[in-house]
Amino acid sequence: MDLGCGNGALSFYALEKGAKLVVGIDVNNTIIDFSNFLLEQHFSQYKNRVSFLKANICDLESVKFDIIICQATFEHILDPYSCLKGIELSLKQEGKAYIGFADLYNSPWGDHKRTKAPFSNIFPWAHICFKQEWLIKNYNKNNPNNPINSIHDLGLNGFSFSQYLNLFNSTYLKIIYFKVNNHKNPLVHIINIFRVIPGLRELLSINIYTILEKAKEQM
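Here goes a summary of the coordinates provided. None of the values given here were measured: they were computed from a predicted structure.

### Quick word on the overall build of the protein chain
Phase 1: Looking only at helices and strands, the protein chain has 6 helices and 7 strands in total.
Phase 2: In sequence order, the protein chain lays out its α and β elements as β-α-β-α-β-β-α-β-α-α-β-α-β.
Phase 3: A compact globule built from 219 residues would reach a C-alpha radius of gyration of about 17 Å, and the protein chain, at 19 Å, matches this within 12%.
Phase 4: For the protein chain, the spread of C-alpha atoms along the principal axes amounts to about 50 × 45 × 35 Å.

Now the structure itself:
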């Protein structure tokens, strides 16, 4: 399963690397339509091996997968606990989930510039300098035709690094790999040095990459 498949790029890549069957799911109808268009126009050789569906993972609990991949999606999932439970239920025994995402909400551009916070073009952490209630009010003032009630309406769950830690530690899935700020950019190595300073961990935790495994049931 490609969870949050977007335009299907990872799904097609998995097929090219030997996946026998792939199901790509997303909650956005337009994205699923585009993925199916790409399948029809450019990847028709895979038509019998891939399906793109508008669905929530919790809708597919009866289908079991060897591998679930989820790239650049988790920060946009509004109920990560339900999603992680869905991943647990959708994996076969000894199946693995590969999850990678950025930017965490308290990191430099954790709002993905969607809140339109003042000074966000020049100050990376601008969005956390204001209460969310004020950000929502300011956003609605500048976007009267598309008002929002919470940052969820901007596709952000607002989770901090600590909340993600609690999330992944709450699952029955075994964490076999967990890496923060996994990036080849030399600047990230400098950031990691300062990240160990008390009080800076939240502000300097940019991305998370983890592999989770479903334990084999004991006989």
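### Focus: the nonpolar core
Phase 1: Grouped together as the largest cluster of nonpolar side chains are 29 residues, with contacts concentrated most on L3, I68, F74, I87, Y164 and F168.
Phase 2: Each residue touching L3, except ones within four places of it in the same chain, is listed here: I25, I57, I68, I69, C70, Q71, T73, C83 and I87.

### Some thoughts on the packing of aromatic side chains
Phase 1: If you walk through the whole model with that rule in mind, you get 13 aromatic pairs.
Phase 2: Plain terms: the ring middles of F101 and F168 are 6.4 Å apart, the flat faces sit at 40° to each other, and that makes the pair tilted. With F101 in strand β5 (residues 91-102) and F168 in helix α5 (residues 161-169), this pair connects stretches of sequence that are 67 residues apart. In this pair, the class of F101 matches that of F168, namely buried.

### Quick look at the environment of G110
Phase 1: Tracing the sequence through the fold places G110 in the loop between β5 and α4 (132-142).
Phase 2: Taking C-alpha positions, G110 is 9.9 Å from N207, a pair spaced 97 residues apart along the chain.
Phase 3: Setting aside its immediate chain neighbours within four residues, G110 contacts D103, L104, Y105, H127 and L156.

### Details of the pattern of salt bridges
Phase 1: Taken as a whole and judged by the stated rule, the model has 4 salt bridges.
Phase 2: Between D66 and K92 there is a salt bridge, with the nearest N and O atoms lying 3.6 Å from each other. With D66 in strand β4 (residues 65-71) and K92 in strand β5, the pair connects residues that are 26 residues apart, well separated along the chain.

### Thoughts on the environment of L135
Phase 1: Relative to the elements of secondary structure, L135 occurs in helix α4.
Phase 2: Under the relative-accessibility criterion, L135 is labelled buried at 2%.
Phase 3: Taking C-alpha positions, L135 is 8.0 Å from K116, a pair spaced 19 residues apart along the chain.
Phase 4: Those residues in contact with L135 that lie beyond four places of it in its chain are Y105, T115, A117, H127 and F130.

### A short note on the pairing of strand β2 (residues 22-26)
Phase 1: Among the 5 residues in β2, 5 count as buried, and that is most of the element.
Phase 2: Here β2 shows a buried face lined by V22, G24 and D26 and a second buried face lined by V23 and I25.
Phase 3: Judged from the 2 bridges that link them, strand β1 (residues 2-3) and β2 form a sheet pairing that is parallel. Considered in β2, the bridge of L3 is made with I25.
Phase 4: The parallel pair β1 and β2, bridged by helix α1 (residues 9-16), forms a crossover whose chirality is right-handed.
Phase 5: Taken together, the 5 bridges between β2 and strand β3 (residues 50-54) define a ladder with parallel strand orientation. Bridged to G24 within β3 is F52.
Phase 6: Regarding topology, helix α2 (residues 29-42) serves as the crossover connection from β2 to the parallel β3, and that connection is right-handed.

### As for the side chain of S120
Phase 1: With respect to the helices, strands and loops of the structure, S120 is situated in the loop between β5 and α4.
Phase 2: Here A117 takes part through its backbone oxygen, which lies 2.9 Å from a polar atom of the side chain of S120.
Phase 3: If near-sequence neighbours (up to four positions away) are discounted, S120 is found in contact with W109, K113 and A126.

What counts and what doesn't
Residues numbered from 1 in each chain as written. Predicted model: local features only at pLDDT ≥ 70, side-chain atom pairs only at ≥ 80, totals over all residues. Heavy atoms only, no water. Helix = DSSP H or I, 4+ residues; strand = E, 2+ residues; numbered from the N terminus. Rg over C-alpha atoms; globule rule 2.2 N^0.38 Å. Core = buried A, V, L, I, M, F, W, Y, C linked by side-chain atoms within 4.5 Å. Buried < 20%, exposed > 50% of the residue type's maximum accessible area, 1.4 Å probe, protein only. Contact = heavy atoms within 4.5 Å. Phe/Tyr/Trp six-rings, centres within 6.5 Å; stacked < 30°, edge-to-face > 60°. Salt bridge = Lys/Arg side-chain N within 4 Å of Asp/Glu carboxyl O. Pairing = 2+ DSSP bridges. Right-handed = clockwise from strand over helix to strand, strands pointing away. Polar contact = N/O pair within 3.5 Å; in protein donor to acceptor, adjacent residues only side chain to side chain.

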